[in-house]
There are 2 protein chains.
Amino acid sequence: VRIIDQTLLPVEERMLDLATVDGVAEAIRSLRVRGAPAIGLAAAYGVLLSLELYLGSACPRRPEYFFDREEGMKPFEPDSITINDIRQTVQSASSVLAGTRPTAVNLFHAIGRMESAGKRDAADARELCRLLADEAFAIHEEELEVEYAIADNGSPLIEDGMRILTHCNAGGLATAGYGTALGVIARAHEEGKRLTVFADETRPLLQGSRLTVWELKKRGIDVTVLCDNAAASLFAASAVDAVIVGADRIASNGDTANKIGTLNLAILCEKFGKPFYVAAPLSTFDYGITSGERIPIEERAVGEVVSIAGHPVAPPETKAYNPAFDVTPASLVTAIITELGVIERPDCSKLLGIKGVKHR
Amino acid sequence: VRIIDQTLLPVEERMLDLATVDGVAEAIRSLRVRGAPAIGLAAAYGVLLSLELYLGSACPRRPEYFFDREEGMKPFEPDSITINDIRQTVQSASSVLAGTRPTAVNLFHAIGRMESAGKRDAADARELCRLLADEAFAIHEEELEVEYAIADNGSPLIEDGMRILTHCNAGGLATAGYGTALGVIARAHEEGKRLTVFADETRPLLQGSRLTVWELKKRGIDVTVLCDNAAASLFAASAVDAVIVGADRIASNGDTANKIGTLNLAILCEKFGKPFYVAAPLSTFDYGITSGERIPIEERAVGEVVSIAGHPVAPPETKAYNPAFDVTPASLVTAIITELGVIERPDCSKLLGIKGVKHR
């Protein structure tokens with residue numbers, strides 16, 4: 001599994017090859033790979049990685065030996081491996097990956113799909129491995145198609161000349177490659193609309209200034225970064241026409257968890273009468289919970305706030321409040337842009353009425 | 001003029017001795033000394049510093065020689081100096097100091113007072129210098145008395161057990177020594193009220209995490225820092241009872257300019273039904289302008305946003321929107337706490353009715 005180490009951007013574009021499930025889990029936990037859809041994909045491939053030694057033909061590498069915890073290096077004998085071995089491996093990898101980060105539901109959706117694939121009927125271990133590999137690649141391909149569909153559905157909301165504020169990074173780095181919020185912006189740009197994008201820097205980890213600016217510049221889209229606390233001033237100066245963000249989990253009533261600071265922008269949109277759009281695949285929807293209050297919010301380390309690039313910016317032993325996400329109530333969401341269409345003024349009945357969604 | 005270099009806090013507590021007007025101007029421009037009242041004091045002493053060579057007895061140092069630009073080191077002969085020399089020196093120092101930062105009106109108030117003092121009748125240059133020195137020390141002493149009065153007037157608004165959010169630094173570092181917003185908090189704490197203070201880190205220069213946390217810890221007050229964008233989440237969790245901030249300039253209708261991000265907190269207070277207090281001396285009021293739209297807002301360098309502690313956090317040549325202040329409309333201000341009393345729901349007629357205020 002090859003990822004770009006997002007913690008080093010924009011200073012360094014370093015690719016990381018992750019060889020183990022633990023490596024994938026570490027990369028998710030430390031935000032080397034981040035963004036709800038991208039976390040889901042990393043987890044699906046992480047499950048696959050755990051099978052690599054069993055996998056044979058579905059896998060780019062074909063070792064002739066594999067490492068057995070008890071017996072050390074052993075010749076690779078796929079025929080000696082049972083369907084049950086595979087299922088146990090999937091289960092164990094899933095459990096490690098599910099423990100990495102709590103908020104983005106795409107992670108659990110992707111793991112759930114891999115677990116289901118692992119339960120399918122198969123003639124032997126090799127065939128089951130192929131089914132699992134097919135599932136991981138299908139998740140990736142579907143996710144990319146979904147992003148293009150979100151961009152198609154969202155672009156009509158973006159008018160020529162619009163000044164759009166976004167938060168955190170909901171671009172290709174956060175997804176299967178095209179982006180959700182930034183995908184909508186990119187599609188509008190490709191269609192020839194002239195856009196001005198403002199990117200909140202997004203403390204504490206600065207995904208806005210580090211990643212969103214980097215992506216938009218690569219795409220040739222005009223972008224200006226600002227400190228998160230300057231957004232109100234931008235609204236007061238009538239310099240923002242719309243806000244568009246991604247999502248990490250959407251409850252069945254439309255309440256949306258996204259990067260800390262998102263709620264703030266939704267409140268500013270309400271105050272200044274501007275639309276607040278959420279662009280998110282249906283894999284972000286969690287029909288298992290009925291309200292945003294029930295979305296688990298990850299609290300991250302104090303060090304992310306009180307030191308920057310290794311330099312202390314607060315006195316020793318300073319306490320910090322550092323939730324990674326906040327919840328925007330559905331009442332503040334103008335529309336959710338999904339692959340199946342735009343849900344205006346989302347609520348429970350509209351979300352439950354989406355065609356093709358499987359409910360838990 | 002001795003200051004603590006605030007750009008180095010909290011890592012290093014380094015005192016700086018400023019020996020020239022240009023040195024004071026540089027310290028104000030680069031925020032080594034900052035906070036509206038403190039900038040005013042630095043400017044008053046800056047004017048005094050320009051007179052130091054003339055000043056003789058009013059000054060702690062009594063050089064026997066002074067440096068003349070054209071003639072180099074010359075014996076100190078105060079009797080050869082005219083009243084007009086002093087007035088020209090005051091004028092020239094005032095002009096340098098007035099060009100440092102545009103928003104805080106205390107700067108212009110203090111300079112105006114020094115200029116007026118320079119125009120007073122005096123028997124000779126030495127007496128005029130003494131009048132100017134008296135004025136600078138009076139500004140300092142009055143400002144400190146004013147802060148104690150603000151604390152006295154504001155403390156009754158603070159209830160036992162309150163959870164208070166503040167922004168930037170309106171403490172002793174920003175003022176004559178006791179603080180405005182933090183002075184109110186400190187007084188309530190001294191009176192035995194149990195308080196929880198949340199300090200916005202206040203990007204880009206982190207006066208909240210670097211200075212406010214440092215001051216509150218020294219005063220033994222419980223404090224937790226948060227990224228500016230996490231304030232909405234704190235309100236949504238019902239964890240904030242009130243916001244209290246300082247001010248850099250207040251128009252005659254009550255519109256208040258303060259550190260960028262303040263408007264955001266006022267909007268959150270309105271949204272969540274919490275009081276939004278401004279603590280500011282009357283030297284912060286500008287009766288020369290009728291509305292916040294006319295307050296000049298300083299736009300600071302892009303580098304403050306796109307690099308942190310010398311590390312780039314955005315791609316090269318990234319544009320940044322970086323105003324140092326924003327304007328909170330009077331309609332969002334629950335009360336302004338001044339040395340003369342608390343002005344609830346401030347408006348033009350209430351502000352013009354304040355006893356003892358000189359109107360331009």
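What you see is a predicted model; the values in this text were computed from it and never measured.

## Digging into helix α5 (residues 105–118) of chain A
Residue and element names in this part refer to chain A.
Right, on to step 1. Taking 1.5 Å per residue as the helical rise, α5 with its 14 residues ought to reach 20 Å, and the 20 Å between its terminal C-alpha atoms agrees with that figure.
Right, on to step 2. Residues of α5 that are buried include every one of V105, N106, L107, A110, I111, M114, A117 and G118, and no others.
Right, on to step 3. Turning to α5, the residues buried within the fold contact α1 (21–29), α2 (36–50), α4 (83–98), α6 (125–154), β9 (249–251) and β12 (285–286).

## Overview of unusual backbone geometry
Right, on to step 1. In this chain, L9 of chain A is followed by P10 of chain A through a cis amide linkage whose omega measures 0 degrees.
Right, on to step 2. Note on placement: P10 of chain A falls in the loop between β1 (2–4) and β2 (15–17).
Right, on to step 3. The residue after R203 of chain A, namely P204 of chain A, is reached through a cis peptide bond having omega 5 degrees.
Right, on to step 4. Position of P204 of chain A relative to the elements: it lies in the loop between β6 (196–200) and α8 (207–218).
Right, on to step 5. One non-glycine residue, E317 of chain A, lies in positive phi territory at about 65 degrees.
Right, on to step 6. Summarising the element assignment, E317 of chain A is placed in the loop between β14 (311–312) and β15 (319–321).
Right, on to step 7. According to the relative accessible area criterion, E317 of chain A is exposed, its value standing at 74%.
Right, on to step 8. Of note, the phi angle at R345 of chain B is positive, near 40 degrees, even though the residue is not glycine.

## Considerations on the pattern of salt bridges
Right, on to step 1. Enumeration according to the criterion identifies 40 salt bridges over all chains in this entry.
Right, on to step 2. Residues D17 of chain A and R2 of chain A are paired through a salt bridge, measuring 2.9 Å at the closest nitrogen-oxygen approach. Residue D17 of chain A is located in strand β2, and its partner R2 of chain A is located in strand β1; the two are separated by 15 residues in the primary sequence.
Right, on to step 3. The salt bridge involving R113 of chain B is made with E135 of chain B; its shortest N-O contact spans 2.8 Å. Linking R113 of chain B in helix α5 (residues 105–118) with E135 of chain B in helix α6 (residues 125–154), this pair joins segments that are 22 residues apart in sequence.
Right, on to step 4. What makes R113 of chain B partly exposed here is its relative accessible area of 30%.

## Section: the relation of the copies chain A and chain B
Right, on to step 1. Mapping chain A onto chain B calls for a rotation angle of 180 degrees and an axial translation of 0.0 Å; the resulting RMSD is 0.0 Å. Put plainly, the chains are arranged around a two-fold axis.
Right, on to step 2. Of the interface residues in chain A, 100% have counterparts in chain B that sit at the interface too, so the contact is made through matching surfaces.

## Brief notes about the side chain of S252 of chain B
Residue and element names in this part refer to chain B.
Right, on to step 1. For S252, the location among the structural elements is in the loop between β9 (249–251) and β10 (256–259).
Right, on to step 2. Classification of S252 by relative accessible area gives buried; the value is 4%.
Right, on to step 3. Residues within four places of S252 in sequence aside, it is in contact with D286, Y287, I289, T290, D347, C348 and L351.

## Quick notes on the interface of chain A and chain B
Right, on to step 1. Listed per partner, the contact involves 53 residues of chain A and 53 residues of chain B.
Right, on to step 2. For the pair chain A and chain B, the summed buried area comes to about 4,200 Å², and 66% of that belongs to carbon and sulfur atoms.
Right, on to step 3. The largest contributions to the chain A side of the interface with chain B come from N229, K319 and Y321 of chain A, which together make up 17% of the buried area.
Right, on to step 4. The tally of links from chain A across to chain B stands at six salt bridges.
Right, on to step 5. E270 of chain B is the partner of K271 of chain A in a salt bridge, and the nearest nitrogen-oxygen pair spans 2.9 Å.
Right, on to step 6. Inspection of the region where chain A meets chain B yields 27 residue pairs in polar contact (both at pLDDT 80 or more).
Right, on to step 7. When residues of the side of chain A that touches chain B are traced back to their parent elements, those giving at least two are α8, β7 (223–226), α9 (231–236), α10 (262–272), α11 (303–306), β14 and β15 of chain A.

## Description of the sheet that holds β9 of chain B
Residues and elements named next belong to chain B.
Right, on to step 1. Read from one edge of the open sheet, four strands run β12-β9-β10-β16, paired in mixed fashion. For this open sheet the edge positions go to β12 (285–286) and β16 (325–328), each flanked by a neighbour on one side alone.
Right, on to step 2. In this structure, β9 lies alongside β10, joined through two bridges in antiparallel fashion. Of the residues in β10, the one forming a bridge with I250 is T256.
Right, on to step 3. Each of β10 and β16 touches helix α10 (residues 262–272); the most contacted strand, β16, lies at about 30 degrees to it.

## Quick word on the packing of aromatic side chains
Right, on to step 1. The full count for this structure, using the stated rule, is eight aromatic pairs over all chains.
Right, on to step 2. Their ring planes at 65 degrees and their centres at 5.6 Å tell us that Y45 of chain A and F137 of chain A sit as a pair that is edge-to-face. Within this pair, whereas Y45 of chain A is found in helix α2, its partner F137 of chain A is found in helix α6, the two being separated by 92 residues in sequence.
Right, on to step 3. Taking relative accessible area as the criterion, F137 of chain A reaches 37% and is therefore assigned partly exposed.
Right, on to step 4. Here F235 of chain B and F272 of chain B contribute two aromatic rings whose centre-to-centre distance is 5.6 Å and whose plane-to-plane angle is 25 degrees, an arrangement assigned as stacked. Note that F235 of chain B is positioned in helix α9 (residues 231–236) and F272 of chain B in helix α10, a separation of 37 residues in sequence.

## A look at the pairing of strand β5 (residues 163–166) of chain B
Residues and elements named next belong to chain B.
Right, on to step 1. Alignment of β5 against strand β6 (residues 196–200), held across four bridges, turns out to be parallel. From the neighbouring strand, I164 faces β6, where its bridge partner is V197.
Right, on to step 2. Note that the unit made of β5, helix α7 (residues 181–190) and β6 has a crossover that is right-handed.
Right, on to step 3. In this structure, β5 lies alongside strand β8 (residues 242–245), joined through two bridges in parallel fashion. What sits directly across from L165, in β8, is V243.

## Topic: the pairing of strand β17 (residues 335–338) of chain A
For a regular strand, the rule is simple: side chains alternate between the two faces of the sheet.
Residues and elements named next belong to chain A.
Right, on to step 1. Here β17 shows no split at all, with A335 and I337 on one side and I336 and T338 on the other all buried.
Right, on to step 2. Bridge count for strand β11 (residues 276–279) against β17 is three bridges, and the pairing is parallel. Among the inter-strand pairings, V278 is bridged to a residue of β17, identified as I336.
Right, on to step 3. Pairing between β17 and strand β18 (residues 341–344): four bridges, direction antiparallel. What sits directly across from A335, in β18, is E344.

## With respect to the environment of L107 of chain A
Residues and elements named next belong to chain A.
Right, on to step 1. By the secondary structure assignment, L107 is in helix α5.
Right, on to step 2. With a relative accessible area of 0%, L107 lands in the buried category.
Right, on to step 3. Note: C-alpha distance between L107 and P37 (70 residues apart in sequence) is 7.5 Å.
Right, on to step 4. Residues in contact with L107, not counting those within four places in the same chain, are I28, I39, G40, A43, L97, A98, T100 and R101.

Cut-off values and rules
- Residues numbered from 1 in each chain as written.
- Chains lettered and ligands numbered in written order.
- Predicted model: local features only at pLDDT ≥ 70, side-chain atom pairs only at ≥ 80, totals over all residues.
- Heavy atoms only, no water.
- Helix = DSSP H or I, 4+ residues; strand = E, 2+ residues; numbered from the N terminus.
- Expected span 1.5 Å × (residues − 1).
- Buried < 20%, exposed > 50% of the residue type's maximum accessible area, 1.4 Å probe, protein only.
- Contact = heavy atoms within 4.5 Å.
- Salt bridge = Lys/Arg side-chain N within 4 Å of Asp/Glu carboxyl O.
- Least-squares fit on C-alpha atoms with pLDDT ≥ 70 in both.
- Buried area = accessible area lost by both parts, 1.4 Å probe.
- Polar contact = N/O pair within 3.5 Å; in protein donor to acceptor, adjacent residues only side chain to side chain.
- Pairing = 2+ DSSP bridges.
- Axes fitted to C-alpha atoms, helices over the stretch in contact; angles between N-to-C directions.
- Phe/Tyr/Trp six-rings, centres within 6.5 Å; stacked < 30°, edge-to-face > 60°.
- Right-handed = clockwise from strand over helix to strand, strands pointing away.

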